[in-house]
Amino acid sequence: MDSSQAASTLQLIGAACFGTLIGWYIYFINRNRKSDVQLSDLVTLIGVLGGSAVLVLFPARTDLFGAYGIGLAIGFFGYFAVLIILVNISHNFDVDWFLDGRRKKPGPEYEAAPADRPLAMGAEGSQKTN
Amino acid sequence: MIAELGSAALGLVWGWLLGANWTGVKRSLVLVAAALANAALAATLSGVWAALALVAATLVGMWLHVTWLDELRTRRARAEGGE
């Protein structure tokens, strides 16, 4: 595509949807990383956020990069908003969970998932702010 | 307009990430450098105003994150003090 050419609506929607997926995933990575911030975690975030793929995908002087940024923020803060809603409606969590990961201990009839299982933080929970 | 708006949105995400990972000099420097590289990318793809919007929104995003945590800590202190 010529750099002076305007992006079509479909391209803008596509870039925004791509950004939304990336934004959602970035919050996920940031939330589920190990308790200590590893440089590898940061490199992953940086590569996903503004890596060379962005340069290749979005030609200069089009609105595609802008649509990507808008979608990215929607995905990122959308994850955060869903998290707030889920914490609010859950009886096992309150807002303190955002500070240090505290939550109610599971009752005797429940068992916490092991910490190394994907999508589960284990009984100890995340040590970082969520 | 979309370019500046998108860059500002991207800056908010960077600011939030910076606030959430501000745990050491080395790591903070890596993240700040990456955010600046992203600003340069925005300047290349969308112009100087987009880069400026990204930098300004990054600062706002950091402030939002710090304010959010402060609010949570205040609420916790109030709740624990009231018990």
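About the thresholds
- Residues numbered from 1 in each chain as written.
- Chains lettered and ligands numbered in written order.
- Predicted model: local features only at pLDDT ≥ 70, side-chain atom pairs only at ≥ 80, totals over all residues.
- Heavy atoms only, no water.
- Helix = DSSP H or I, 4+ residues; strand = E, 2+ residues; numbered from the N terminus.
- Buried < 20%, exposed > 50% of the residue type's maximum accessible area, 1.4 Å probe, protein only.
- Contact = heavy atoms within 4.5 Å.
- pLDDT = per-residue confidence, 0-100.
- Axes fitted to C-alpha atoms, helices over the stretch in contact; angles between N-to-C directions.
- Left-handed = near helix turned anticlockwise from the far one by under 90°.
- Nonpolar A, V, L, I, M, F, W, Y, C, P; charged D, E, K, R; others polar.
- Buried area = accessible area lost by both parts, 1.4 Å probe.
- Salt bridge = Lys/Arg side-chain N within 4 Å of Asp/Glu carboxyl O.
- Parallel < 35°, antiparallel > 145°, perpendicular 65-115°, else oblique.
- Phe/Tyr/Trp six-rings, centres within 6.5 Å; stacked < 30°, edge-to-face > 60°.

Peer 1: Tell me about the overall build of chain A, residues and numbers included.
Peer 2: Secondary structure assignment for chain A yields 5 helices and 0 strands. Along the chain direction, N to C, the helices and strands of chain A fall in the order α-α-α-α-α. Looking at the 130 residues of chain A, the share that counts as buried comes to 37%. In chain A, of all internal contacts separated by at least 6 residues, the share reaching a separation of at least 24 is 61%.

Peer 1: Describe the confidence of the model for chain A, listing the residues and the values that go with them.
Peer 2: All names here are of chain A. On average, residues of chain A score 77 in pLDDT, and 70% of them reach the 70 mark or higher. The least confident element of chain A is helix α2 (residues 39–50), whose mean pLDDT is 69; the most confident is helix α4 (residues 64–89), at 92. Contacts for the low-pLDDT stretch residues 122–127, under 50 throughout, to residues beyond four places or in other chains number 13 contacts.

Peer 1: Describe the side chain of B:R76, and please don't skip the residues or the numbers.
Peer 2: By the element assignment, B:R76 lies in helix α3 (residues 48–82). Classification of B:R76 as buried rests on a relative accessible area of 18%.

Peer 1: Quick rundown of the packing of α4(A) against helix α1 (residues 2–20) of chain B? Include the residues and the values.
Peer 2: Their axes nearest at 7 Å, the elements α4(A) and α1(B) cross at an angle of 35°. Crossing angle aside, the handedness with which α4(A) passes α1(B) is left-handed. Touching A:F65, A:G66, A:A67, A:G69, A:I70, A:L72, A:A73, A:F76, A:F77 and A:F80 of α4(A) are B:I2, B:A3, B:L5, B:G6, B:S7, B:A9, B:L10, B:L12, B:V13, B:W16 and B:L17, all from α1(B). Broken down by class, the residue content of the contact of α4(A) with α1(B) amounts to 17 nonpolar, 4 polar and no charged.

Peer 1: If you had to explain the interface of chain A and chain B to someone new, which residues and values would you point to?
Peer 2: Contact residues are listed per partner, giving 40 residues for chain A and 34 residues for chain B. Both faces combined, the contact of chain A with chain B buries some 3300 Å², and carbon together with sulfur accounts for 75% of it. Linking chain A with chain B are 1 salt bridge. When the shortest N-O distance is used, the salt bridge between A:D96 and B:R76 registers 3.2 Å. Counting residues per element, the ones that place at least two in the side of chain A that touches chain B are α1 (9–32), α2, α3 (52–57), α4 and α5 (96–100) of chain A. Tallying contributions element by element places α4(A) first for the side of chain A that touches chain B, with 11 residues.

Peer 1: Now, about the packing of α1(B) against helix α2 (residues 25–46) of chain B: what can you tell me, with residues and values included?
Peer 2: Residue and element names in this part refer to chain B. At a closest axis distance of 11 Å, the pairing of α1 and α2 adopts a crossing angle of 175°. By the angle class used here, α1 and α2 are roughly antiparallel. Contact with α1, carried on its side by A3, S7, L10, W14, L17 and L18, involves S28, L31, V32, A34, A35, N38, A42 and S46 of α2 and no other residues of that element.

Peer 1: Which residues make up the packing of aromatic side chains, and what values do they have?
Peer 2: Applying the stated criterion to the full structure yields 17 aromatic pairs over all chains. Ring pairing ties together the aromatic residues A:W24, A:Y27, A:F76, A:F77, A:Y79, A:F80, A:F93, A:W97, A:F98, B:W16 and B:W68, which thus form one cluster.

Peer 1: Lay out the pattern of salt bridges in plain terms, naming residues and giving numbers.
Peer 2: Residues and elements named next belong to chain B. Counted by the stated rule, this structure contains 3 salt bridges over all chains. The residue R73 makes a salt bridge to D70 at a minimum N-O spacing of 3.8 Å. Highlighted residues: R73 and D70, both in helix α3, separated by 3 residues, approximately one helical turn. The exposure class assigned to R73 is partly exposed, which follows from its relative accessible area of 44%. Between E71 and R75 there is a salt bridge; the shortest N-O distance is 3.1 Å. Of the two residues, E71 and R75 both sit in helix α3, 4 residues apart, roughly one turn of that helix. In this structure E71 comes out as partly exposed when scored by relative accessible area, which is 36%.

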